[in-house]
Amino acid sequence: MNLKLRFFSLLFIAFLFPKCLFASSTLLHLDWKNYLAKYDLLWNRLPEKLWQSPFMGNGMLGTYIVYEEDCNSMRFEVCRSDVHDHRAVPETGDGNILFNRSRLMIGHFLMKPCGRILKCDMRTDIYNAETSGTIITDKGSIRFEVFVHSLDMGIIVKTDASSGENGFTWQWVSDSPNSPRYDKFKASGNTSKVVREYKENASAVVDEENRTALFTYLNGGQTAVRWHISGKGSARSLYVTCAHSYPDHNALQLSREYLDRILKPSYSKLKKTHREWWNNFYQKSFISLPDKRIENFYWIQLYKLGSATRADRGIIDNTGPWMALTQWPAAWWNLNVQLSYWTTYPSNHLELSRSLSNTIFAGEKNLILNVPQKYRYNSAALARATASDLVGWVREAGASKDGPEIGLLTWACHNIWLEYRYSMDKEILKKLFPILKRSVNYYLHFLKEEDDKRFHLPSTYSPEYGSASDCNFDLSLLKWGCKTLLEADSILGKNDSLRSRWKDVYARLTDFPSDPDEGWMIGRNRPYDMSHRHYSHLLMAYPLYLVNRDQPGGKEMIVKSVNHWQSIKGALEGYSRTGAASLYASVGEGDKALAYLEEFMQKSMQPNTCYQEGGNPVIETPLSGARALLDMALQSWDGKIRIFPAIPGIWRDFAFDNLLAEGAFEVSAVRKNGKVAWIRIHSLAGEPCLVECDFSGELYQKGKRRYKIDRISDTLFSLDLKAGEEVVLYGDPSFKDFRIGPVSGTENKKPFGFYN
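Predicted model, so just to flag it, every value in this text is computed and none were measured.

## A few points about the pattern of salt bridges
In step 1: The tally for this structure, following the rule as stated, stands at 46 salt bridges.
In step 2: For the salt bridge of aspartate 511 with arginine 454, the shortest nitrogen-to-oxygen distance reads 3.1 Å. Remark: arginine 454 occurs in the loop between strand E19 (448-449) and strand E20 (455-456) and aspartate 511 occurs in the loop between helix H16 (499-508) and strand E23 (514-515); sequence separation between them is 57 residues.
In step 3: The exposed category is assigned to aspartate 511, whose relative accessible area is 53%.
In step 4: Relative accessible area serves as the criterion here: at 24%, arginine 454 is assigned to the partly exposed category.
In step 5: One salt bridge connects arginine 705 with aspartate 720, and the closest N-O pair in it is separated by 3.3 Å.

## Concerning the nonpolar core
In step 1: If you look at the biggest cluster of nonpolar residues, it comprises 234 residues, and the most contacted ones within it are Tyr282, Trp299, Ile360, Ile643, Phe656 and Ile679.
In step 2: Residue contacts for isoleucine 643: discarding those within four places in its chain leaves Ala633, Leu634, Phe656, Val667, Ala669, Ile679, Ile681, Val691, Glu692 and Cys693.
In step 3: Within the second largest apolar cluster, 7 residues are counted, among which are Ile156, Tyr239, Leu259 and Ile262.

## Considering the environment of valine 225
In step 1: Tracing the backbone through its elements, the reader meets valine 225 in strand E14 (residues 222-232).
In step 2: Between the C-alpha atom of valine 225 and that of glycine 590, which follows or precedes it by 365 residues, the distance is 49 Å.
In step 3: Not counting residues up to four positions away in its chain, the partners in contact with valine 225 are Ile106, Trp172, Arg211, Thr212, Ala213, Val240, Thr241 and Cys242.

## Let's talk about the sheet that holds strand E34 (residues 709-711)
Across a sheet, strands are paired by hydrogen bonds formed along the backbone, either parallel or antiparallel in direction.
In step 1: Spatial ordering of the open sheet is given by E27-E28-E32-E35-E34, a layout of 5 strands whose pairing is mixed. Looking along the sheet, the strands with just one partner apiece sit at the ends: strand E27 (634-635) and E34.
In step 2: With 4 bridges connecting them, strand E32 (residues 689-692) and strand E35 (residues 716-719) associate as antiparallel partners. Within E35, the position partnered with cysteine 689 by the bridge is leucine 719.

## Thoughts on the sheet that holds strand E8 (residues 130-137)
In step 1: Strand order in the open sheet formed by 10 strands is E12-E13-E14-E15-E10-E9-E8-E7-E2-E38, with mixed pairing between adjacent strands. Looking at which strands have only one partner, the edges of the open sheet turn out to be strand E12 (205-207) and strand E38 (753-754).
In step 2: Relative to E8, strand E7 (residues 117-125) runs antiparallel, the two sharing 8 bridges. Note that in E8 the partner of lysine 119 across the bridge is isoleucine 136.
In step 3: Here helix H7 (residues 251-263) sits on the sheet in contact with strand E13 (212-216), E14 and strand E15 (235-245), set at roughly 145 degrees to E15.
In step 4: Its contacts with the sheet place helix H8 (residues 267-282) against E8, strand E9 (140-148), strand E10 (155-161) and E15, and it is angled at close to 50 degrees to E9.

## So, helix H17 (residues 554-567)
In step 1: With 14 residues, H17 extends 20 Å between its outermost C-alpha atoms, agreeing within 8% with the 20 Å of an ideal straight helix rising 1.5 Å per residue.
In step 2: All of the buried residues in H17 are Gly554, Met557, Ile558, Val559, Ser561, Val562, His564, Trp565 and Gln566.
In step 3: Buried-residue contacts for H17 involve E23, strand E24 (519-520), helix H18 (574-586) and helix H19 (590-603).

## Considering the packing of helix H9 (residues 292-308) against helix H20 (residues 620-633)
In step 1: Between H9 and H20, whose axes approach to 9 Å, the crossing angle comes to 125 degrees. Considering the angle they form, H9 stands oblique to H20. Helix-helix and strand crossings are classified by hand; for H9 and H20 the assignment is left-handed. Listed contacts from H20 to Ile294, Phe297, Tyr298, Gln301, Lys304 and Leu305 of H9 are Pro622, Leu623, Gly625, Ala626, Leu629 and Leu630.
In step 2: For the contact of H9 with H20, the per-class residue count stands at 9 nonpolar, 2 polar and 1 charged.

## Brief notes about H19
In step 1: With 14 residues, H19 should reach 20 Å at 1.5 Å per residue; the first-to-last C-alpha distance of 20 Å fits that figure.
In step 2: Taken as a whole, H19 has its buried residues at Gly590, Ala593, Leu594, Tyr596, Leu597, Phe600 and Met601. Along the long axis of H19, the arc covered by the buried residues comes to 165 degrees, so they all point the same way. Every exposed residue of H19 that faces more than 90 degrees away from the buried side is listed here: Asp591, Gln602 and Lys603.
In step 3: Buried-residue contacts for H19 involve H9, H17, H18, strand E25 (611-613) and H20.

## So, the packing of aromatic side chains
In step 1: The final tally for this structure, using the stated rule, is 51 aromatic pairs.
In step 2: Aromatic pair tryptophan 277 and tryptophan 278: ring centres 5.0 Å apart, planes at 80 degrees, arrangement edge-to-face.
In step 3: Cation over ring: arginine 236 sits above phenylalanine 168, and NZ or CZ is 3.9 Å from the ring centre.
In step 4: Across the ring face of tyrosine 506, the terminal group of lysine 479 is positioned such that the distance to the ring centre comes to 4.3 Å.

## Details of the environment of lysine 430
In step 1: The residue lysine 430 is located in helix H14 (residues 426-444) in this model.
In step 2: The spacing of lysine 430 and isoleucine 491 is 61 residues in sequence and 9.8 Å in space, taken between C-alpha atoms.

## Side note on the pairing of strand E30 (residues 665-672)
In step 1: Taking burial as the measure, the 8 residues of E30 include 7 buried ones, the bulk of the element.
In step 2: Two elements, strand E29 (residues 654-661) and E30, share 6 bridges in a ladder whose sense is antiparallel. Paired with phenylalanine 656 across the strands is alanine 669, a residue of E30.
In step 3: In this structure, the hairpin formed by E29 and E30 is closed by a connection of 3 residues, where glycine 663 is found at a positive phi of approximately 90 degrees.
In step 4: Counting the residues that bridge the hairpin from E30 to strand E31 (residues 675-683) gives 2 residues, and of these asparagine 673 lies at a positive phi of roughly 55 degrees.

## Digging into unusual backbone geometry
In step 1: With an omega of 0 degrees, the peptide bond running from tyrosine 246 to proline 247 counts as cis.
In step 2: Position of proline 247 among the secondary structure elements: in the loop between E15 and H7.
In step 3: Cis rather than trans, the peptide bond between tyrosine 542 and proline 543 has omega equal to 15 degrees.
In step 4: Summarising the element assignment, proline 543 is placed in the loop between E24 and H17.
In step 5: Despite not being glycine, glutamate 464 has its phi angle at roughly 70 degrees, a positive value.
In step 6: Its location among the elements puts glutamate 464 in the loop between strand E21 (460-462) and strand E22 (466-468).
In step 7: Its identity is not glycine, yet phenylalanine 644 carries a phi of approximately 55 degrees, on the positive side.
In step 8: Looking at the secondary structure, you find phenylalanine 644 in the loop between strand E28 (641-643) and E29.

Conventions adopted
- Residues numbered from 1 in each chain as written.
- Predicted model: local features only at pLDDT ≥ 70, side-chain atom pairs only at ≥ 80, totals over all residues.
- Heavy atoms only, no water.
- Salt bridge = Lys/Arg side-chain N within 4 Å of Asp/Glu carboxyl O.
- Helix = DSSP H or I, 4+ residues; strand = E, 2+ residues; numbered from the N terminus.
- Buried < 20%, exposed > 50% of the residue type's maximum accessible area, 1.4 Å probe, protein only.
- Core = buried A, V, L, I, M, F, W, Y, C linked by side-chain atoms within 4.5 Å.
- Contact = heavy atoms within 4.5 Å.
- Pairing = 2+ DSSP bridges.
- Axes fitted to C-alpha atoms, helices over the stretch in contact; angles between N-to-C directions.
- Expected span 1.5 Å × (residues − 1).
- Parallel < 35°, antiparallel > 145°, perpendicular 65-115°, else oblique.
- Left-handed = near helix turned anticlockwise from the far one by under 90°.
- Nonpolar A, V, L, I, M, F, W, Y, C, P; charged D, E, K, R; others polar.
- Arc of directions from axis to C-beta.
- Phe/Tyr/Trp six-rings, centres within 6.5 Å; stacked < 30°, edge-to-face > 60°.
- Lys NZ or Arg CZ within 6 Å of the ring centre and 35° of its normal.

Written out as structure tokens, the structure is:
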């Protein structure tokens, strides 16, 4: 059938059977390129820190651009997520991990102009994941465009200089091959034992003729940078690649293969394949709201996530692909990693979430070796800080009053459980089950039944606060772990020999220690009485939802506890604010959720939407801010899809398309003038569909068949959707406009970036 005939056939079908044509999908009307162009990042000031700079990445390789005043140059950093040391870790605490298995810096290229740098004009195009700009000097200008190829391991910089800058040069500079924590401690005069005993790696061997730099590390492994410069005079292109190998010493060979791959196609073809990935990436889902600054912030976080990780690439640690001099050169598992991934689930980007689950699955043997030998037959654990191989010791509980952090693996398993729940992919659950079982087993070794016939935990550590028996952090994770193992055991039909044990522990685990006036405590006999940036003592409310607003007294307890946590101000940081936003959203308090999200953006967020504490770059907090926004729009815990559960009163309009809910449902919805106009539910897996939405009166539907709707209450109903089916529901029979597009609202008068 030719295109013209097909077009008129569709028109004829639409005229006779408008409902049938509509039922295939709702329509997102969007010019993605022009829409996202409004949310690009802008620069007219010279950035001097990572959190001020343009940044790009492909989930493994990354770069960012900063101004080096002391050498009058622009620095293009070369970073790779999996480059870390592989030294043995003694059983003496986390500090040794940050020296012996730390992330390592690699090096950078200096764009050295002929004249003195005066200013810049730069723009990061997030739709195409490219940064272009002009460096202006007292002798002329250098125009450039740079991107990290979305598929291949290449950083490409194309330049065009004015006549006064034709002679600008590129210079490779190798960074320190040692732990950044060691370098920072040494520079500050720290003479602790771990600093004194540290053996430095050899400096890179640089071959200017062959344009390579090779690091060979003391305990095995190599990193190689290789580059090529094409053209001369005003128009030149710099092609850079980086390879890491361990335990093999073949990084130079790999870097040659990588470079050949990016040099083979023309520049235009290379850019085309790069852009195709990014242009498709954004179209997985859509969200729009009246506050355009927050909307701008959200899309930059998606750009950041797509730059930071992919299923088969680096895990998001404290800095993602963008390494800098930091005293935290590792993945932190007592909050940071988990927060970094929360946005990937409802945003419908499970392809990004899989780098976390793949890391945990690949590291299972090391997780077992992390516990003392006598527990390795059935247990596993995760240290507070690790490299991507997950090596790190975890002490046993009950040996002293200074308890260990033993629940971090269980918390990481919760993220993988979310990946399962949002996809309903049993293959994920099959791999998760034995690891979650081992993490819960480690708890069970230390559990004791006391005179009250309840199970209690000895002293364990509540992250960043201190130790306590019956620590709420661990009680929450243990209770969730037992509950989830029981559910997974039933789904997989295992009838595990420990099933009765999990059921007994879940039923008789002691209550969460609490104060009648202040809410949840840190643990038994340990109140929350000093400021604390983590919300580790509140996990039972969020993200675990063991206590929630559907339970009698649940909302009151959560609000009381969050209010008390936030009332002691001294140590609260950025993720204290984004955490509070999600906690308030969990109980339907949209106005408070918005207030905390705005407070984060005003007080904690850096110019390019990155984050830093104490001069150290970290990545998780803005990403969790995007999740707080999604929590206002859509929640899906405890078997219910909650649509617009916590929209602030000031946001009269809101729209989203193809957000993902637990049970593998794609959800679209439009809110107009403070009321739900319509919703669309698309079932990917055929799971039971229970929807909570503020529809009143009769519900009307559009779909391929007449779906059964069972009203449970004014706002709660069930749908009999099968896998692959979708339905549109609306409350006004005269309503006809089922399109989705950007909602109107306040203009963002200050785009993100770094400028006057």
